[in-house]
Every structure is written in structure tokens, then in C-alpha cells.
Amino acid sequence: MSKVFKTISIFLLIVMGVALVLTACQPKSQLKKVTLFEVTHSLFYTPQYVALGLGFFEEEGLEIELVDGKGADKVMAALLSGDADIGFMGPEATIYVYNEGKENHSIIFAQLTQRDGSFLVARDPDPDFTWDKLKGKEVLGGRKGGIPYMTLEYVVKSHGLTPGVDVNLRTDVQFDVLAGAFVGGEGDYVALFEPVASSLEKQGQGYVVASIGEEAGYIPYTCYSALKSTIEKDPELIQSFTNALYKGMLWVQNHSLEEIAEVVKPYFPDTDDDVLISLIERYRKQDSWKPDLVITEEGLNRLMEIMELAGELDKRADYSAIVNTSFAEKAMKNVNLD
């Protein structure tokens, strides 16, 4: 670790200690417990881990239990069953549930990421990669109907390739075991999130050749949802959660890569500091996050267009029925770090 990184680390420890002292005035027993299921555990969600690590949720009176849901379908199942208070996943899950006609459906109240966060990984380094090289190849793409797979399919089609004809996009491997299947010899390419993709690079078992997010452009990719009944019964919980999240987003925008890496390190203890920094930089450069929590109707329509192109959507959901922007707008108007 460099001297600069050590100095920053010491400084951040002091800052984090002060934050804990400031929040200690509210006993932990008085904090409202919230179970948050995330779709996967990834540096793609850095602002969320910053909000957790710096005590922003405690400042808002919340104690967060974070659970790796291992896929949007499982996160939605946890939300519907009551195992989760808030679900963090792609908007497609909320669209599916709404179109099933459920009265107590989920409602999206905040957006975190605005691009796909996955990367295409090959078996060998290929600095001159072009998408036409997928012709005749097999790609492990994830679960059919999930936004990571549909975005990959959209990108492949945009480059003139027809899935099932020019390239085999496999959907039979579960999201959380994609890397293991690839290392085990399945597929010529695989779509992976960070830090998994870079871990394969470090081990010499795979190499990032393209950013799916950069190719796909703006998509309201990962959002926070709660059941309609939860939002009606406890709007204060939703507002407090959104406020804390926005603080995390602002903090990430205004701090260095090294400072951000230091805060999220406890959530990725097996990832080296230099790798953490490079991955955070990679996501920030491709504009994965910005301090804008509002999922727009235009953005949702673009996502539903991608779902239609994938053959996964027969009817578009009503934006006003599945999106509530009031919490995001209030947080962005009133919350700051001063």
C-alpha cells in the first residue's frame, strides 16, 4: 500500500470515527431495522456501500440488514413474501409483477445505476476486440428475462448479430454461478459484474474485452423498490432510506478514488486495494452513477423497449402505477453533506 493511500486511510478512519460518535447519540435499539435484499454483491453499487460504511443510514434512524439475493427473481420473491422490506434490483422485476395483476405490487422509488454494470469476459486477452468476433461463439449470458441478459442481447443485436443464429447466448446457467461455469470450461465468453470479472483477470482465467454498459447507453438499470402497502403504511421509512442513499451518491461524486476504496473495502475484503481503485474508476468513467435518484418515464420506456425486443414483454406497465418519484425528488431538494 502506498504512503498516500496509508495517509488517506488514516484520515478516513478518523472521519468514520467522528461519524460514529455523531450517530451514537441515537441508541442502536431505537433504530428502525430494515432488511435490504440486493440483486448481487458488486462494486457496481458503490454509493450504497458508502452510505452503509459512513453511517448515513444510522443518521436517518435506520439499521440495515444487507442480504445478497443472488438474482432479481429471488429479490422480488423475498419482497413479496415479506422477507425483504426493500428490494434492490432491475425494474423489470417490478414490471413483471405489476403485469401479473397483483394488487400489492412493488413500486420503484429510487434509481441508483443508469447503465448496465457487466463486462464481456473472454478466455484470452483481446485489446482489439470487436463484437463481430462473437459470430459462431457461445456466450454465458445469465437468466432469461433478467435485465443483464436482455441488455446483452440488445447490444449483440445492435451489432448486426442474431442470437441463436450467429451467436449462442446461453441462459441455462444461474447468475451467481456464471464465473464458476466459465472457469470450468463452459462458453467462449461470459458476462460478469465486478469485482468478479477482474478477479478472473488476476487469476489468468479470463480477460475483460468490452463494457456492455458503454455499448447499451442509458438504462434505469438497478433501482430500489418496496411493496405498495409498505410505502402507504410507512412513507417515513422510504424517505429516510432515500435520504441516506442520496448522501452516499453525493459523497462518491465529491471524493477521490482512494477515499472511496477505503470506505467500501470492508464490503470487499478479498479484493486488493489497487483493484478496488481501478474498478471504481472504471464504473465512474462510464457514468454508472450520478446523484440523480429519479427514474424517468423516458428511461423506463427504453427499458421496456429492450424487453419487447427480447420477446419478454407483451404489455407495457403504467409508469405512474409502478414509479413514485416523490421520495427521490424530496431527497435531492433537501439533502446535502454540509
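Caption draft 1: The sheet that holds strand 7 (residues 168–170), seen in detail. On the basis of which strands lie adjacent, the open sheet formed by five strands has the order 7-6-8-5-9 and mixed pairing. Two strands bound the open sheet, and with one partner strand each, they are strand 7 and strand 9 (207–211). The mean inter-strand angle of the sheet, taken between neighbouring strand axes irrespective of direction, is 30°.

Caption draft 2: Seen up close, the nonpolar core. In this structure, Trp131, Leu134 and Tyr224 are the most contacted members of the largest nonpolar core, which totals 104 residues. Per-element tally for this core: the top contributor is helix 11 (residues 235–253), with ten residues. What leucine 134 contacts, discounting residues up to four positions off in sequence, is Leu120, Phe129, Val139, Val156, Leu161, Asp166, Val167 and Tyr189. Ranked by size, the runner-up nonpolar core spans eleven residues in total, among them Leu140, Ala179, Val190 and Leu192.

Caption draft 3: Quick peek at the pairing of strand 1 (residues 32–38). With five of seven residues buried, strand 1 lies mostly within the body of the structure. In this structure, strand 1 lies alongside strand 2 (residues 62–68), joined through seven bridges in parallel fashion. Looking at strand 2, one finds that valine 34 is bridged to isoleucine 64. The pairing of strand 1 with strand 3 (residues 86–89) spans three bridges and is parallel.

Caption draft 4: Representation of helix 8 (residues 196–203) in the model. Listing the buried residues of helix 8 in full gives Ala197, Ser198 and Leu200. Buried residues in helix 8, looked at end-on, bunch into an arc of 155°, giving them a common side. Across helix 8 from its buried face, at more than 90 degrees, point the exposed residues Lys202 and Gln203. For helix 8, the elements touching its buried residues are strand 5 (119–122), helix 7 (178–183), strand 8 (189–192), strand 9 and helix 13 (273–285). Phi for glycine 204, located one or two positions after helix 8, is positive at around 70°.

Caption draft 5: Region of interest: the side chain of threonine 222. Within the secondary structure, threonine 222 sits in strand 10 (residues 222–227). Within the structure, the side chain of threonine 222 is placed 2.4 Å from the side chain of threonine 113, a separation counted as a polar contact. Threonine 222 has contacts with Val39, Phe44, Tyr45, Phe88, Met89, Gly90, Gln111, Leu112 and Thr113, leaving out every residue within four places of it along the chain.

Caption draft 6: Spotlight on the sheet that holds strand 1. One open sheet holds the five strands; their spatial order is 2-1-3-10-4, and the pairing between them is mixed. With one partner strand each, in any of the chains shown, strand 2 and strand 4 (106–113) form the two edges of the open sheet. Sheet twist, expressed as the average angle between the axes of neighbouring strands with direction ignored, equals 25°. Across the sheet, helix 11 is in contact with strand 1, strand 2, strand 3, strand 4 and strand 10; its angle to strand 4 comes to roughly 10°.

Caption draft 7: Representation of the side chain of aspartate 116 within the structure. With respect to the secondary-structure elements, aspartate 116 resides in the loop between strand 4 and strand 5. Although buried, aspartate 116 forms no salt bridge, and the nearest oppositely charged side chain, arginine 115, lies 9.8 Å from it. In terms of polar contacts, aspartate 116 uses its side chain to reach the side chain of tyrosine 221, at 3.0 Å.

Caption draft 8: View of helix 12 (residues 257–264). The element helix 12 is extensively covered by neighbouring structure, given that seven of its eight residues are classed as buried. Restricting attention to buried positions, one finds in helix 12 the residues Leu257, Glu259, Ile260, Ala261, Glu262, Val263 and Val264.

Caption draft 9: Highlighting the pattern of salt bridges. Scanning the entire structure with this criterion turns up 17 salt bridges. Notably, a salt bridge pairs lysine 202 with aspartate 272, separated by 1.8 Å at the nearest N-O pair. Remark: aspartate 272 occurs in the loop between helix 12 and helix 13 and lysine 202 occurs in helix 8; sequence separation between them is 70 residues. Accessibility expressed as a relative area gives 53% for lysine 202, which makes it exposed. In the salt-bridge network here, residues are joined through shared partners; they are Glu138, Arg170, Asp172 and Glu186.

Caption draft 10: Molecular detail of the environment of aspartate 166. Looking at the element boundaries, aspartate 166 is found in the loop between helix 6 (147–158) and strand 7. For aspartate 166, a relative accessible area of 16% gives the class buried. Remark: the alpha-carbon pair of aspartate 166 and aspartate 132, spanning 34 residues in sequence, is separated by 9.3 Å. Every residue in contact with aspartate 166, bar those within four places of it in the chain, is listed here: Leu134, Lys135, Gly136, Lys137, Gly160 and Leu161.

Caption draft 11: Up close: the environment of isoleucine 322. Position of isoleucine 322 among the secondary structure elements: in helix 15 (residues 319–322). Overall, isoleucine 322 belongs to the buried group, its relative accessible area being 0%. Between the C-alpha atom of isoleucine 322 and that of phenylalanine 109, which follows or precedes it by 213 residues, the distance is 8.7 Å. Look past the residues within four positions of isoleucine 322 in its chain and what remains in contact with it is Thr94, Ile95, Tyr98, His105, Ser106, Ile107, Ile108, Leu300 and Ala317.

Thresholds, definitions, all that
- Residues numbered from 1 in each chain as written.
- Predicted model: local features only at pLDDT ≥ 70, side-chain atom pairs only at ≥ 80, totals over all residues.
- Heavy atoms only, no water.
- Pairing = 2+ DSSP bridges.
- Helix = DSSP H or I, 4+ residues; strand = E, 2+ residues; numbered from the N terminus.
- Axes fitted to C-alpha atoms, helices over the stretch in contact; angles between N-to-C directions.
- Core = buried A, V, L, I, M, F, W, Y, C linked by side-chain atoms within 4.5 Å.
- Buried < 20%, exposed > 50% of the residue type's maximum accessible area, 1.4 Å probe, protein only.
- Contact = heavy atoms within 4.5 Å.
- Arc of directions from axis to C-beta.
- Polar contact = N/O pair within 3.5 Å; in protein donor to acceptor, adjacent residues only side chain to side chain.
- Lys, Arg positive; Asp, Glu negative; His and termini not counted.
- Salt bridge = Lys/Arg side-chain N within 4 Å of Asp/Glu carboxyl O.

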